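If you want the building blocks of each chain, they are given just below.
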Amino acid sequence: MRLRLAAGGPAALKVMAAAGAAAAPVQLLWGGPSERTLAPLSPPWAPALELDSGTVLFSPNAICQFFFLAHGEEPTDLTNQWLEWEATELQPAASVALYAQLVQGKKGLEAVEALGKLLAHIEQSLSRRGTAYLAGDTKSVADVVVWGTLFPVLRDETSLPIELQALRTWFQSMTLSEACRKAADSVLMPKALLEFKSYLQKQPPPCLAMEGAPSNEPEEEEGSERALTEEEITAAAEAWARGAAALPKPWKPQKPVLPVEGMRNVLITSALPYVNNVPHLGNIIGCVLSADTFARYCRLRNWNTLYVCGTDEYGTATETKAVEEGLTPQEICDKYNAIHADIYRWFDISFDYFGRTTTPHQTTIAQDIFQRLLARGFLLQDTVEQLRCENCQRFLADRFVEGTCPFCSYEEARGDQCDKCGKLINAVELKNPQCKLCRGVPVVKPTRHLFLDLPKLEERLEPWLEQSWATGDWTANARYITRSWIRDGLKPRCITRDLKWGTPVPLDGFRDKVFYVWFDAPIGYLSITANYTDQWERWWKNPQQVELYNFMAKDNVPFHSVVFPCSLLGTEDNYTLVNHLIATEYLNYEDGKFSKSRGVGVFGDMAKDTGIPADIWRFYLLYLRPEGQDSAFSWSDLMLKNNSELLNNLGNFINRAGMFVCKFFGGTVPDMVLTPDDKRLLARVTLELRQYHQLLEKVRIRDALRCILSISRHGNQYIQVNEPWKRIKGDEKDRQRAGTVTGVAVNMASMLAVLLQPYMPSVSSAIQGQLCIPPECFVLSHDFTCTLPPGHRVGTVSPLFQKLENDQVEALRKRFGGGQPEDLALEPQAKQTPPASEPSPAPATLLPLGDPQLIQQLTEEVAKQGNHVRQLKANKAEKAQVDAEVAKLLELKKQLAVAEGKSPEVPVPKGKRKK
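Let me sum up the structure you'll find in this document. Note that the coordinates shown come from a computational prediction; the quantities given were computed from them, not determined experimentally.

The next point concerns the overall build of the protein chain. Along the backbone of the protein chain there are 32 helices and 20 strands. Looking at the protein chain as a whole, 54% of its 915 residues are labelled buried. Long-range pairs, those at least 24 residues apart, make up 77% of the contacts in the protein chain with a sequence separation of at least 6. Total accessible area computed for the protein chain in this model is approximately 40000 Å², and 52% of it derives from carbon and sulfur atoms.

With that settled, consider the packing of aromatic side chains. Using the criterion set out here, one finds 35 aromatic pairs in the structure. Summarising the aromatic geometry, the rings of tyrosine 344 and phenylalanine 351 are spaced 5.9 Å apart at their centres and angled 80° between planes, so their arrangement reads as edge-to-face. Look at tyrosine 344 and you get buried, because its relative accessible area is 3%. Aromatic side chains phenylalanine 660 and phenylalanine 664 sit 5.4 Å apart centroid to centroid with 15° between the ring planes, which places their arrangement in the stacked category. Of this pair, phenylalanine 660 and phenylalanine 664 both sit in helix α23 (residues 635-665), four residues apart, which is roughly one turn of that helix. Overall, the relative accessible area of 21% leaves phenylalanine 664 in the partly exposed class. Three or more aromatic residues link up through ring pairs in this structure, and these residues are Tyr589, Phe594, Phe603, Trp617, Tyr620, Phe633, Trp635 and Phe816. The residue whose ring lies beneath arginine 483 is tryptophan 469, and the NZ or CZ to ring-centre distance is 5.2 Å. Above the face of the tyrosine 516 ring, arginine 497 is positioned so that its terminal group lies 4.0 Å from the ring centre.

Below, the discussion takes up helix α18 (residues 523-532). The periodicity of an α-helix, 3.6 residues per turn, causes residues three or four places apart in sequence to face the same way. The buried fraction of α18 is high, at nine of ten residues. When we look at burial in α18, the residues that qualify are Ile523, Gly524, Tyr525, Leu526, Ser527, Ile528, Thr529, Ala530 and Tyr532.

One open sheet accounts for four strands, arranged β9-β8-β13-β14; its pairing is antiparallel. At either margin of the open sheet sits one strand with a lone partner, and together these are β9 (394-395) and β14 (493-494). The sheet contact formed by strand β8 (residues 379-389) and strand β13 (residues 443-452) spans ten bridges and is antiparallel. Along β13, the bridge assignment pairs glutamine 386 with lysine 445.

Turning to the packing of helix α25 (residues 701-722) against helix α27 (residues 732-756), a few remarks are in order. Two measures define how a pair of helices packs: the angle their axes make with one another and the distance between the axes. Close contact between α25 and α27 brings their axes to 10 Å; oriented N to C, the two are set at 170°. On the basis of their axis angle, the class for α25 and α27 is roughly antiparallel. Note on element contacts: α27 touches α25 through Arg737, Thr740, Val741, Val744, Ala745, Met748, Met751, Leu752, Leu755 and Leu756, opposite Ile708, Ile711, Ser712, His714, Gly715, Tyr718, Ile719 and Asn722.

Interhelical geometry of helix α1 (residues 10-21) versus helix α6 (residues 141-154) gives an angle of 140° and a closest axis separation of 8 Å. In terms of axis orientation, α1 runs oblique to α6. The way α1 lies across α6 gives a crossing that is right-handed. For the pair formed by α1 and α6, the contact residues are Pro10, Leu13, Lys14, Ala17, Ala18 and Ala21 on the first element and Val144, Val145, Trp147, Gly148, Thr149, Phe151 and Pro152 on the second.

Under the definition given, this model contains 45 salt bridges. In this structure, glutamate 402 engages arginine 439 in a salt bridge whose closest nitrogen and oxygen atoms are separated by 3.6 Å. Of this pair, glutamate 402 sits in strand β10 (residues 401-404) while arginine 439 sits in the loop between β12 (431-435) and β13; the two residues are 37 residues apart in sequence, bridging distant segments of the chain. Owing to a relative accessible area of 43%, arginine 439 belongs among the partly exposed residues under this scheme. Salt bridges linked by common partners bring Arg625, Glu627, Arg700, Arg702 and Asp703 together as one network.

Definitions and limits used
Residues numbered from 1 in each chain as written. Predicted model: local features only at pLDDT ≥ 70, side-chain atom pairs only at ≥ 80, totals over all residues. Heavy atoms only, no water. Helix = DSSP H or I, 4+ residues; strand = E, 2+ residues; numbered from the N terminus. Buried < 20%, exposed > 50% of the residue type's maximum accessible area, 1.4 Å probe, protein only. Contact = heavy atoms within 4.5 Å. Areas by Shrake-Rupley, 256 points an atom, 1.4 Å probe, with all protein chains shown as cover. Phe/Tyr/Trp six-rings, centres within 6.5 Å; stacked < 30°, edge-to-face > 60°. Lys NZ or Arg CZ within 6 Å of the ring centre and 35° of its normal. Pairing = 2+ DSSP bridges. Axes fitted to C-alpha atoms, helices over the stretch in contact; angles between N-to-C directions. Parallel < 35°, antiparallel > 145°, perpendicular 65-115°, else oblique. Left-handed = near helix turned anticlockwise from the far one by under 90°. Salt bridge = Lys/Arg side-chain N within 4 Å of Asp/Glu carboxyl O.

Structure follows, in structure tokens:
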């Protein structure tokens with residue numbers, strides 16, 4: 001292999017470091033940016049790698065990946081995510097920072113201003129994961145690539161904010177490694193850097209056009225961050241004057257809802273929840289609540305909208321649950337379908353139809369899709385080795401097998417995955433396997449199965465994906481996960497299982513089998529719609545008129561972006577395919593994961609027993625919706641957001657606006673004479689309103705909620721500055737001013753009632769009732785208009801929200817904290833809590849609760865010890881030494897928790913949340 005590098009170029013640094021870290025056998029060719037003999041069309045300063053086959057790579061990240069792959073280090077999902085993040089977000093910002101340093105002469109923190117949020121992201125990731133490197137405890141290609149981009153900018157470590165301790169430790173560790181040190185010495189030579197600086201001086205300054213995924217972000221900046229123009233102020237005043245008559249007329253579709261010619265027809269699905277468990281808060285925000293918020297918004301826009309969902313009821317998980325509870329699979333489905341429906345009803349999820357997959361329509365449609373795929377040659381047959389229990393006279397699905405993990409020797413590994421080491425397992429690889437049904441010893445036997453020929457369908461999938469990505473709004477993680485499947489090459493996927501509970505396979509030789517749940521389950525969207533209306537094909541075989549939105553958590557993406565579309569494309573039956581695939585990251589609980597068995601976290605059937613209204617749960621879950629990265633539910637934060645954003649901001653403004661009408665003007669909206677300041681407020685609110693639309697049209701649900709809170713903040717400021725309670729006591733001019741301020745404020749409250757409806761429908765309805773907002777005004781437009789004109793009578797105004805008290809929240813935190821047996825396993829010396837009848841022994845040391853000085857001291861010690869642990873891991877210290885320091889860290893964290901008045905439990909180790 002020949003590697004051509006231009007000394008001084010930042011891209012060469014990461015490539016050189018990767019070659020050293022992976023011990024790549026390359027012949028180095030040094031040259032300047034004009035010497036591009038290996039890759040004449042490559043950009044200036046880009047490295048080029050000529051393989052022995054004659055192929056030339058000139059993408060720096062691709063070259064780095066090639067070196068590590070050749071060294072036997074396979075990429076993981078996490079390393080791939082870091083590489084994509086580095087290419088799309090870090091590189092552009094680093095280019096800006098480097099230009100600021102070399103060309104504009106900026107130094108220190110000023111020079112790296114463009115990197116601020118990105119450095120904080122690395123810090124947060126390292127701190128949250130507690131690992132020495134970006135993707136784990138060992139160095140990966142992600143570390144080399146990210147370090148290579150940062151080092152030219154951060155060589156002088158004074159540019160690194162001192163508070164980013166985890167980042168500093170990682171950066172120093174990378175810089176001191178042999179491969180990175182040698183790369184820096186070779187590439188960043190003074191003469192070469194001068195040449196590179198000269199090149200940069202001839203280029204226009206780089207700029208960051210916008211952050212995030214281009215197709216899924218609003219194109220304009222927030223209105224509150226820029227000055228208003230005279231045209232905007234004039235237009236806002238004119239829109240206000242047009243009043244409610246300018247609003248579109250609310251449109252109510254016929255039942256059942258069917259596509260309408262000439263209208264925007266929106267079909268919305270949320271991933272079908274497994275019937276065999278109770279959904280927790282993460283499941284609810286990841287699928288049904290996010291989809292519900294968007295569906296409500298669509299209806300307020302007068303878009304013809306159908307929102308369907310239902311329980312996914314077939315498959316191994318249902319059979320397993322039935323065995324556990326001593327019920328039949330159908331009884332399990334009936335029981336849990338009712339539980340799901342009750343939970344979603346309490347959360348006010350506005351399905352047009354909530355169904356299930358165990359229906360005759362499911363069988364008919366699934367078998368029709370199967371027959372069409374079979375007839376067109378898109379199915380394969382193959383023999384696979386599988387465990388069979390002779391006692392039960394059946395082949396065993398993965399979850400009906402337990403045994404010893406072949407990787408870590410954990411004795412209770414499942415037939416599909418080990419819960420201890422997390423590795424995926426083929427059931428036949430288990431040592432000492434046992435049938436979970438009878439505890440007999442199964443034997444390995446061959447069995448025939450059917451496969452969907454994804455490689456053959458790939459030529460149809462890729463053009464469709466390109467079109468959908470170009471015209472639709474797919475979240476960045478959905479695009480990334482789909483690309484990784486395509487990049488790794490599609491393989492035939494088994495669509496049958498040796499089970500009884502499922503849709504039967506209508507083919508001789510396979511009639512004792514059922515369809516595998518991930519072939520069968522997405523077809524549930526179609527069959528559930530068919531149970532809603534016999535004209536279901538007008539939605540599902542009508543891509544010319546229908547826009548399809550799929551909502552899900554990220555673990556469901558490949559089945560909705562690759563497997564299911566391939567199934568439908570292969571039928572050649574004009575099916576409606578997804579236009580907009582909206583995937584969330586994961587929601588965790590406090591410092592760990594939701595666990596029903598351990599009683600950790602709030603599950604859907606428990607939320608209503610907390611005494612906290614459903615709309616507060618909706619608001620908080622949508623406020624922290626994990627749109628770009630994982631987020632965590634926190635009781636303290638729930639209390640803070642309720643008391644600050646809802647009670648003191650939103651509720652305070654709406655209550656004051658209504659109360660002023662009642663108290664000062666007899667319940668009648670007064671006359672309004674707008675001043676230039678009032679018109680500027682109208683324009684500011686209009687910008688926030690349009691930002692709200694822009695964000696929700698891109699399904700940026702969490703960010704759009706900020707616009708609502710921003711409008712109410714503008715309203716509170718408006719009232720505080722103008723003090724209508726004082727002016728009402730003054731002369732005629734003051735009283736008129738009080739009337740104008742009150743009238744504008746109550747109209748802002750009226751508009752907020754509409755904007756809130758997708759998020760907090762009950763609160764929205766309460767505001768509508770209190771202010772007597774006419775039903776014809778409950779529709780969204782892009783203009784802020786006067787919907788409650790002078791003379792309009794309001795009703796009885798009362799507070800919308802109640803304060804959450806600390807004692808109440810702490811009691812809930814303890815109630816849902818669980819016993820956490822894993823915590824006790826971390827500290828064998830810890831004693832169990834004695835029964836209530838026995839007095840608890842007094843602790844050896846009583847820490848003063850709430851002492852700010854002590855809390856500050858312990859916080860610093862925790863941070864210091866955490867960095868010490870990370871440094872030990874980075875230096876590959878002895879395990880015994882690391883374990884001893886980790887124990888000290890855990891003890892410090894317990895002391896800090898006690899000082900803060902929290903439960904002194906060791907946090908559950910973080911990890912990927914399971915559904």
